[in-house]
Amino acid sequence: MGIVDFLNWLNDTTFAESIRDSVWLFPTFETIHVAAIVLVAGSIAGLDLRLAGLMARDRPVTEIANEMLPWTWAAFVVATIFGFLLFASKPMVYLAMAFFDAKLILIVLAGLNMLLFQQITWKSVGRWDRAVLPPVAVRLAAGLSLAFWISVVICGRFIGFV
Amino acid sequence: MLEQLTDWLSRSDASAFLSDTTLLQTWLIIPISQTIHILAVAVVMISIGVLNLRLLGVAASHQSFARLTRQLTPWIWSALAVLLLTGVVQTIAEPSRELLNSTFQLKIALLVVAVAVTISYRVTTTRNPNYWNVSPGRRRAGHILAGMSLVLWLGILSAGRLIAYFGAFEPKG
């Protein structure tokens, strides 16, 4: 079974049909999705702005990370689950939207950026934890992360307009 | 009065300009304004979330509530200024969609209370950094206020998203 077969099957399930037909299911899922997305974007921005040396310069990076990352992960799980429910209502329609595809690609890029940062750059955090201005590699990762997530929000909002 | 304001705004040149969807430049204004609106909501929600969970005593315990309030309230006010600006743009573009919508009206009512609660955090902790910690009674009051604030802001966000679906004004007759 290919991806298109799967999406057509998903589209025809009574589950997808009930989301399409209900007056309140889609708006409810969308509201939860948006609430989760803003917490993902907000918590990531909180950490990125510190990593970029633009905010809370007097506080250790690890402290901000501990404060923000639980929000990021919890909210990301919720955003993904409810995003999938929204997608399930009309899978082929969403897949055909450039903004939807771009949003998924940007999330993958943001994830790769985070993975590289975590596996390589973060190893030396002990040396720049209290630095007012962290090293350039750290600031670069933070800038990329901010750019990716802002773009995710832009694409997400434009899905509703095209 | 709200009807008159809506009526006046709908007839304005500004509204005609912002709601002109025949040109790409003007069509882009609303989705871009909404995107900026959502990014500002992100700043408010994470700040409010951290602040209230600290007041509830479940997060960020290495920082005092007073210090967190001092650090986060400027972000909240700046983001609220952006929200007001983009919100006004969206309202001028589609006055009756917003002003006469009961979900929008609920959102604004909740917002007034939520902002008052946020101001009270700043005022009380400026007067006494330990204000919410001086007695068991005060602590309990803080917990109730924090829970209320979280519910209020989630309500504001939800109402904001649901304006597009519910509460539209339907002219009689």
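Residues numbered from 1 in each chain as written. Chains lettered and ligands numbered in written order. Predicted model: local features only at pLDDT ≥ 70, side-chain atom pairs only at ≥ 80, totals over all residues. Heavy atoms only, no water.

## So, the overall build of chain A
When its secondary structure is counted, chain A shows eight helices and zero strands. Along the chain direction, N to C, the helices and strands of chain A fall in the order α-α-α-α-α-α-α-α. C-alpha atoms of chain A, sized along the principal axes, occupy 55 × 30 × 25 Å. With 162 residues in all, chain A has 50% of them scored as buried. (Helix = DSSP H or I, 4+ residues; strand = E, 2+ residues; numbered from the N terminus. Buried < 20%, exposed > 50% of the residue type's maximum accessible area, 1.4 Å probe, protein only.)

## Overview of unusual backbone geometry
Phi is positive for Ala 56 of chain A, which is not a glycine, with a value near 45°. When you line up the elements, Ala 56 of chain A lands in the loop between α3 (25–51) and α4 (61–89).

## Focus on a nonpolar patch on the surface
A contiguous nonpolar patch, built from Ile 105, Val 108, Leu 109, Leu 112 and Leu 115 of chain A and spanning about 450 Å² of accessible area, is present on the exposed surface. In this fold, Val 108 of chain A is placed in helix α6 (residues 98–119). (Patch = residues over 30% accessible without salt bridge, like charges linked within 9 Å, V, L, I, M, F, W, Y side chains within 5 Å. Areas by Shrake-Rupley, 256 points an atom, 1.4 Å probe, with all protein chains shown as cover. Salt bridge = Lys/Arg side-chain N within 4 Å of Asp/Glu carboxyl O.)

## Topic: the interface of chain A and chain B
Residue-level contacts link 28 residues of chain A with 30 residues of chain B. One can count two salt bridges joining chain A with chain B. Put simply, Arg 67 of chain B and Asp 58 of chain A hold a salt bridge, and the shortest N to O gap is 3.2 Å. Inspection of the region where chain A meets chain B yields six residue pairs in polar contact (both at pLDDT 80 or more). (Contact = heavy atoms within 4.5 Å. Polar contact = N/O pair within 3.5 Å; in protein donor to acceptor, adjacent residues only side chain to side chain.)

## Looking at the pattern of salt bridges
Residues and elements named next belong to chain A. With the rule as written, the count across this model stands at seven salt bridges over all chains. Here Glu 63 and Arg 59 are joined by a salt bridge, their closest N and O atoms 3.0 Å apart. Of the two residues, Glu 63 and Arg 59, neither departs from the other in class, the shared state being buried. A cluster of three or more residues bridged by salt bridges with shared partners is formed by Arg 59, Glu 63 and Glu 67.

## As for the packing of aromatic side chains
All names here are of chain A. Applying the stated rule across the entire model yields 16 aromatic pairs over all chains. Between Trp 122 and Trp 128 the ring centres are 5.9 Å apart and the planes differ by 80°, which places this aromatic pair in the edge-to-face class. Note on Trp 122: relative accessible area 25%, which makes it partly exposed. Aromatic rings pair up to connect Phe 84, Phe 87, Tyr 94 and Phe 100 into one cluster. (Phe/Tyr/Trp six-rings, centres within 6.5 Å; stacked < 30°, edge-to-face > 60°.)

## Let's talk about helix α5 (residues 65–93) of chain B
A rise of 1.5 Å per residue sets the reference length of α5 of chain B, with its 29 residues, at 42 Å; its end C-alpha atoms lie 40 Å apart and thus fit the reference within 8%. By the largest-angle criterion, Leu 72 of chain B marks the main kink of α5 of chain B, which is about 35°, and a proline, Pro 74 of chain B, follows within four residues. (Expected span 1.5 Å × (residues − 1). Bend = angle between axes of the 7 residues up to and from the residue.)

In short, geometric facts, not functional conclusions.
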